[in-house]
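So the chains spell out like this:
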Amino acid sequence: MAAKSQICSIWLGSETGILKGVSLTKKQAFNFCEMSCLSRDQEVCVMAWGDPHESEVLVGSVNGTVKTFSTDKGIFTASRECGDPSQGRFTGLAVTDSSMITCVESGLLKVWKEGSTETVEVNVGNGVCRMQQNQSQRHHVATGGKENPLKVWDLERPDKPIFTAKNVAHDWLDMRVPVWVRDIGFIPDSDKIVTCTGHHQVRVYDPSTPQRRPVLEAQFGEYPLTALSLPASQGTVVVGNTHGELAILDLRKGLVCGCLKGLAGAVRGLQCHPSLPLVASCGLDRFLRVHSLEDRSLQHKVYLKSRLNCVLLSSRELESSNADVSGDVEEVKAEEDEVWDTMETVTEKAKKRAAQKDEATVTGVDANKEKKASKKKKKVM
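Conventions adopted
Residues numbered from 1 in each chain as written. Predicted model: local features only at pLDDT ≥ 70, side-chain atom pairs only at ≥ 80, totals over all residues. Heavy atoms only, no water. Helix = DSSP H or I, 4+ residues; strand = E, 2+ residues; numbered from the N terminus. Buried < 20%, exposed > 50% of the residue type's maximum accessible area, 1.4 Å probe, protein only. Contact = heavy atoms within 4.5 Å. Areas by Shrake-Rupley, 256 points an atom, 1.4 Å probe, with all protein chains shown as cover. pLDDT = per-residue confidence, 0-100. Pairing = 2+ DSSP bridges. Axes fitted to C-alpha atoms, helices over the stretch in contact; angles between N-to-C directions. Polar contact = N/O pair within 3.5 Å; in protein donor to acceptor, adjacent residues only side chain to side chain. Phe/Tyr/Trp six-rings, centres within 6.5 Å; stacked < 30°, edge-to-face > 60°. Lys NZ or Arg CZ within 6 Å of the ring centre and 35° of its normal. Salt bridge = Lys/Arg side-chain N within 4 Å of Asp/Glu carboxyl O.

Draft legend 1. Structural view of the overall build of the protein chain. Of the regular secondary structure elements, the protein chain holds two helices and 29 strands. Counting across all 381 residues of the protein chain, residues that qualify as buried make up 48%. At a minimum sequence separation of 6, the contacts of the protein chain that also span at least 24 residues come to 46%. Within the structure as shown, the protein chain displays about 20100 Å² of accessible surface, and the carbon and sulfur contribution to it stands at 49%.

Draft legend 2. Region of interest: the confidence of the model for the protein chain. Mean pLDDT for the protein chain: 85, with 81% of residues reaching 70 or above. Counted against residues more than four places away or in other chains, residues 321–327, with its pLDDT under 50, gives 19 contacts.

Draft legend 3. Examining the pairing of strand 27 (residues 298–303) more closely. Examined bridge by bridge, strand 26 (residues 287–292) and strand 27 share five bridges and lie antiparallel to one another. If you follow Phe287 over to strand 27, its bridge partner there is Tyr303. Between strand 26 and strand 27, which follow one another and run antiparallel, lie five residues, and Arg296 among them has a positive phi close to 60°.

Draft legend 4. Quick look at the sheet that holds strand 23 (residues 256–260). Here we have four strands laid out as an open sheet, ordered 20-21-22-23, and antiparallel in their pairing. Looking at which strands have only one partner, the edges of the open sheet turn out to be strand 20 (225–229) and strand 23. Here the strands of the sheet are splayed against their neighbours by 25° on average, with no regard to which way each runs. Here strand 20 pairs with strand 21 (residues 236–241) via four bridges, running antiparallel.

Draft legend 5. Highlighting the sheet that holds strand 9 (residues 99–104). The four strands are arranged 8-9-10-11 in an open sheet whose pairing can be described as antiparallel. Either end of the sheet is taken by a strand with one partner, and the two such strands are strand 8 (90–95) and strand 11 (119–123). Neighbouring strand axes in the sheet, compared pairwise and without regard to direction, differ in orientation by 15° on average. Across five bridges, the pairing between strand 10 (residues 108–113) and strand 11 is antiparallel. Each residue of the ladder has a partner; that of Leu108, found in strand 11, is Asn123.

Draft legend 6. Here's a closer look at the side chain of Thr143. Among the secondary structure elements, Thr143 is positioned in strand 13 (residues 140–145). Residue classification places Thr143 among the buried positions, given a relative accessible area of 0%. A polar atom in the side chain of Thr143 sits 3.1 Å from the side chain of Trp153. Aside from chain neighbours lying at most four places away, what touches Thr143 is Leu109, Val124, Arg130, Met131, Pro149, Leu150, Lys151, Trp153 and Ile184.

Draft legend 7. Up close: the packing of aromatic side chains. The final tally for this structure, using the stated rule, is seven aromatic pairs. Aromatic pair Phe163 and Tyr205: ring centres 6.4 Å apart, planes at 65°, arrangement edge-to-face. Here the residue Phe163 occupies a position in strand 15 (residues 163–164), and Tyr205 occupies one in strand 18 (residues 201–205), the gap between them amounting to 42 residues. When its relative accessible area of 6% is taken as the criterion, Phe163 is described as buried. For Tyr205, a relative accessible area of 5% puts it in the buried group. Among the aromatic residues, those joined into a cluster by ring pairs are Trp11, Phe30, Phe32, Phe69 and Phe76. Directly above the aromatic system of Phe76 lies the positively charged group of Lys67, at a separation of 4.9 Å from the ring centroid. Above the face of the Trp180 ring, Lys146 is positioned so that its terminal group lies 4.4 Å from the ring centre.

Draft legend 8. Structural view of the pattern of salt bridges. Taken as a whole and assessed by the stated rule, the structure comprises 11 salt bridges. Asp154 is paired through a salt bridge with Arg157; the nearest N and O atoms lie 3.0 Å apart. Taking the relative accessible area as the measure of exposure, Asp154 reaches 2% and is therefore buried. On the accessibility criterion, Arg157 (54% relative accessible area) is exposed. Across the salt bridge formed by Asp250 and Arg252, the nearest N and O atoms sit 3.9 Å from each other. Looking at Asp250, the relative accessible area reads 12%, which means it is buried. Taken together, the shared-partner salt bridges connect Glu15, Arg268 and Arg307 into one network.

Dropping the structure here:
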C-alpha cells in the first residue's frame, strides 16, 4: 500500500465471518455480510488488497474460499474455491500484477493465474503459520511455521527457496532451540527480514550475507508472540503476544523502547501506517485500537462485538450507502468511558447491607450474653 496522508477507514475480519468497516472520520462501524447465513466456516483468516487503489478486499475464509469485496459497491462481487479445509486454514494471501497467491497450514502454496484454471503449486513444508509477500519484489514471498524455518521463495523460479534460515545455536544447556515462526515482515529498502516466534523472540535475518542465522535476536515478555508490523520510521518493530501485550522494539540494539497499553486479549491483527506514526491492532477482546507510536497514547478505541482476526488500513472513506448489504450501521463513540463517568454512584443498598450486618452482629452478641447468663443460673441452681 502506498504512503497515505491519513487513515480514513479500517477493514477487519472476524471469527463469525463478518467483514467489518470502521470509518474513523464519521465515527461509524459497518457490517458487510449476509447475517442470516453466518457460521464458523465463514471465519475470516486472512485479508489483502486486491488492487493498488484499494477498491477490492480479498477475504480468505476457513472453508477455503476467497471472496472479493468491492469497497466502491459495498458488496461481495466474486467467490473462488482456493483451498481444502482438510489442508488447514489460510496462513497468507497476496496478489501480484497477474495472479493471486494463497498458502495453507499444510504447506501448500498456490499461484492462481488470472484468467486461467492452471495453478503453480509449491510445497513449503508442514506447519506453516505465516506467508508474507515482499512489497518491493512482489514475486518474492517468505514462509515459516512450527518446526518450519524461515524460507524465502522466488515464485518465478519456485523449484527451491532462495534463502533458508539456519536454527540458532544450542542453548546454555546444549539443547536444541525449537523453531516456531509466527509472523514475518520485510524491512523496506533493504534485504533484511524480521520474524517473531512462539517462544517470545524477535529475530532479524539478512539474506544478502552468507550468514543464515539471525544477525540480531531480542526477546519480549514470557508469552508467544502472534503478530508484528514495521512502522514508517525504520529501525523499530511493533509486536504483540497472546496476553494482549504490545511493545515497540529497537532493531538496532535489540531493546524494548516502550509498551502500548489497553489491550485485554490476544493480539491477532497488527498493522502500522505506512507514513504516519500510528499502529492499529485487534484481537480476542473485540476492540479495534489505534495507538500513536510517538507518545504511545490511545487515539481510537472501537468495540466491534466479534473476535477479530485481521486488520487493513485504508485512506479511502467508507460511504454509508455501502452498508445496505447488511443494514447494520453502528455509531462509534469516541470515549465509551464517559458513559460510566456520568453515572451516579448508588450507595443506598450498600448502606442497607452494612446496617443489616451490624444488626445481625448485635443480635448475635445479645444471644451469646443470654446463653452465658442462663448457664450461670443453672450452675447456681
